[in-house]
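The primary structure of each chain is shown beneath.
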Amino acid sequence: MPQPTHQAFAMLCHELAHLGQNEAQSEAWHLLTNASEMSKTKLLTHWRDPIDVLTAKKLARLLKKRKAGQPLAYILGEWSFYGHPIAIHKGVLIPRPETELLVSVVDALLQKDMYLFELGVGSGAIPMALAMIQPITYEGWDVSKRAISNAHINLAPHTDSQIQIHHQSFFAKTANWRKKIAGKAPTLLISNPPYIPPQDIADLQSEVRNYEPKRALVGGHDGLSFYRRLCKAYLSEPHQNQRFMVLEAGIHQRPAIDALLSTYPRYTWTWHQDLEGIDRVVAVKPA
Ligand SMILES: C[S@@+](CC[C@H](N)C(=O)[O-])C[C@H]1O[C@@H](n2cnc3c(N)ncnc32)[C@H](O)[C@@H]1O
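These numbers were taken from a predicted model, which means no experiment stands behind them.

Caption draft 1: Expanded view of the overall build of the protein. From N to C terminus, the protein includes twelve helices and nine strands. Expressed as a percentage of its 287 residues, the buried residues of the protein come to 36%. Contacts in the protein between residues at least 24 apart in sequence constitute 65% of all its contacts with a sequence separation of at least 6.

Quick look at the structure:
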């Protein structure tokens, strides 16, 4: 016999209590609205009514996956980024709140006719959020086929922007972005690159370690290989156009990135802190 909605909600909070009270309640709402396909408001107006059999079955399936440790975003197939809903496929990095800071930093740098390009499109979270602010001209690369098909879904509605994404390594000879940016001014390279040192993977939450793609996380032997390659490829060659770059960084990486950027004297840079006060995003500009 299906339970009343309020009892189903209380059961979910109890089952998810290990997450802490606030998180358990928030996840219980996500699971209940997803399983019932009803809004929170509608559920509250039916608070004492029994949930239907199909909803009860779906809820049980979702809860089982969550208790087995699957990330909520993969179970729901959607997430929220920069205040907008975004489709998230299994095996594609779940966009983090820190990356919303990167979007704000890019937004503040946007100029008319700026060509934006990105290493590591992932779910397409960054161009999606930017295209919600204003039409953009953007190209992105990712080595993950799943990420590219996920990004296509999230970027398809933005027909007023010029968006192209490529299933290819950013560093492949045929990626051709050097040619593409040669005649364009100004250009802005964006990346939330894989930046975790392999030895730190064991310290990550088990749901990150077990479900999120390693290729999206690990950044070479010290976590910094993408920064080195990006700086060398984009900042070192002589060029005429104004080049900007905004990168997300991991905790404790500022000193090493400062040392790296100081070898490119034609550029200056500013750090931006996330809500925990961690130096999270670096914006590089012509000096
Ligand atoms: C940390 S995730 C960022 C995803 C997305 N931009 C975000 O912020 O949610 C890094 C992404 O870089 C991609 N990647 C790794 N190596 C790459 C390469 N050589 N060229 C292009 N993309 C790469 C991964 O597949 C992954 O999707």
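Caption draft 2: Representation of the sheet that holds strand β5 (residues 162-167) within the structure. Here we have seven strands laid out as an open sheet, ordered β5-β4-β3-β6-β7-β9-β8, and mixed in their pairing. Of all the strands in the sheet, just β5 and β8 (267-273) have a single pairing partner and so form its edges. Taking each pair of neighbouring strands and ignoring which way they run, the sheet shows an average axis angle of 15 degrees. For strand β4 (residues 137-142) and β5, the ladder comprises six bridges, and the chain directions are parallel. Along β5, the bridge assignment pairs G140 with I165. Of the strands in this sheet, β6 (187-191), β7 (243-248), β8 and β9 (279-286) are in contact with helix α6 (residues 97-109), which crosses β7 at around 165 degrees.

Caption draft 3: Region of the structure containing the packing of α6 against helix α7 (residues 125-133). At a closest axis distance of 10 Å, the pairing of α6 and α7 adopts a crossing angle of 45 degrees. Taken together, the axes of α6 and α7 are oblique relative to one another. At the point where α6 passes α7, the crossing takes the right-handed sense. Contacts between α6 and α7 pair T99, L102, V103, V106 and D107 from the former with A125, I126, A129, L130 and I133 from the latter. Taken together, the residues of the contact of α6 with α7 break down into eight nonpolar, one polar and one charged.

Caption draft 4: Spotlight on the domain arrangement of the protein. According to the domain assignment, the protein consists of domain 1 (5-68) and domain 2 (92-286). Relative placement of domain 1 and domain 2: their C-alpha centres are 36 Å apart.

Caption draft 5: Representation of the nonpolar core in the model. Membership of the largest hydrophobic core comes to 72 residues, with the highest contact counts inside it found for L12, L31, L32, V106, L188, M245 and V246. With near-sequence residues (within four places) excluded, L32 lies in contact with A8, F9, L12, L43 and L59.

Caption draft 6: Geometry of α6. Among the residues making up α6, those that are buried are T99, L102, V103, V105 and V106. Along the axis of α6, the buried residues cluster in a sector spanning 165 degrees; they form a single face. If you follow the buried residues of α6, they end up packed against α7, β6, β7, β8 and β9.

Caption draft 7: Molecular detail of the site of the ligand. Within the structure, the ligand sits among 23 residues, and G120, G122, F170, N192 and A216 are positioned closest to it. Classifying every residue of the shell around the ligand by side-chain character gives 14 nonpolar, seven polar and two charged.

Caption draft 8: Representation of the environment of P135 within the structure. If you trace the backbone, P135 turns up in the loop between α7 and β4. Those residues within four positions of P135 in sequence are excluded, and the remaining contacts are D160 and S161.

Caption draft 9: Geometry of the packing of helix α11 (residues 225-235) against helix α12 (residues 254-261). Running from N to C, α11 and α12 cross one another at 20 degrees; their axes reach a closest spacing of 11 Å. The angle between α11 and α12 falls in the class roughly parallel. Both α11 and α12 take part in a crossing whose hand is right-handed. Every residue of α12 that contacts α11 at Y227, R228 and C231 is listed here: I257, L260 and L261.

Caption draft 10: Unusual backbone geometry, seen in detail. Positive phi outside glycine occurs at E37, with the angle close to 55 degrees. With respect to the helices and strands, the residue E37 is situated in the loop between α2 (21-36) and α3 (40-45). With a phi angle near 65 degrees, N176 is a residue other than glycine that sits in the positive phi range. Relative to the assigned elements, N176 resides in the loop between β5 and α9 (177-182).

Caption draft 11: Layout of the pairing of β8. Here β8 runs beside β9; their pairing, made up of seven bridges, is antiparallel. Residue T268 lies in a different strand from β9, and its bridge partner there is K285.

Caption draft 12: Structural detail: the environment of L260. Summarising the element assignment, L260 is placed in helix α12. As for L260 and A233, which are separated by 27 residues in sequence, their C-alpha atoms are 13 Å apart. Among residues more than four places away in sequence, those in contact with L260 are Y227, R228 and C231.

Caption draft 13: Representation of the pairing of strand β3 (residues 115-119). The buried fraction of β3 amounts to five of the five residues, a majority that puts the element mostly inside the structure. Neither face of β3 is left uncovered, since the one carrying Y115, F117 and L119 and the one carrying L116 and E118 both have all their residues buried. Both β3 and β4 contribute to a ladder of five bridges, which runs parallel. Across the sheet, the residue bridging to F117 is E139, located in β4. Taken together, β3, α7 and β4 constitute a β-α-β crossover, and its handedness is right-handed. Relative to β6, β3 runs parallel, the two sharing five bridges.

Cut-offs and rules
Every chain's residues receive numbers from 1 upward, in the order its sequence appears when written. Given that this is a predicted model, residues contribute local features only at a pLDDT of at least 70 and side-chain atom pairs are listed and counted only at 80 or more, while totals for whole chains, interfaces and linings are drawn from all residues. Numbered from the N terminus, helices here are DSSP runs of H or I no shorter than four residues, and strands are runs of E no shorter than two. Around each residue's C-beta, the other C-beta atoms within 10 Å are counted; 20 or more make the residue buried, 12 or fewer make it exposed, and counts in between make it partly exposed. All C-beta atoms are placed from the backbone. Think of it this way: build a C-beta for each residue from its backbone, and any pair within 7 Å is a contact. We call two strands paired when DSSP finds no fewer than two bridges between them. Interaxial angles span 0 to 180 degrees and are taken between N-to-C directions of axes, which are lines fitted to C-alpha atoms, for helices over the stretch in contact. Any angle that is under 35 degrees is reported as roughly parallel, and any over 145 degrees as roughly antiparallel; angles of 65 to 115 degrees are reported as roughly perpendicular and all others as oblique. For any helix crossing, the convention is left-handed if the near helix is rotated counterclockwise from the far helix by under a right angle, and right-handed if that rotation is clockwise. In this classification, Asp, Glu, Lys and Arg are treated as charged, Ala, Val, Leu, Ile, Met, Phe, Trp, Tyr, Cys and Pro as nonpolar, and every other residue, Gly included, as polar. Domain ranges listed in this record stem from an automatic or a database domain assignment. For this analysis, nonpolar core means a set of buried Ala, Val, Leu, Ile, Met, Phe, Trp, Tyr and Cys residues linked through C-beta atoms within 7 Å. Of all possible arcs, the one meant is that of the directions from the helix axis to the C-beta atoms. We call a residue near a molecule or strand if the C-beta atom, set from the backbone, is within 6 Å of it. Think of it like this: strands point away, you trace from the first strand over the helix to the second, and a clockwise trace means the crossover is right-handed.

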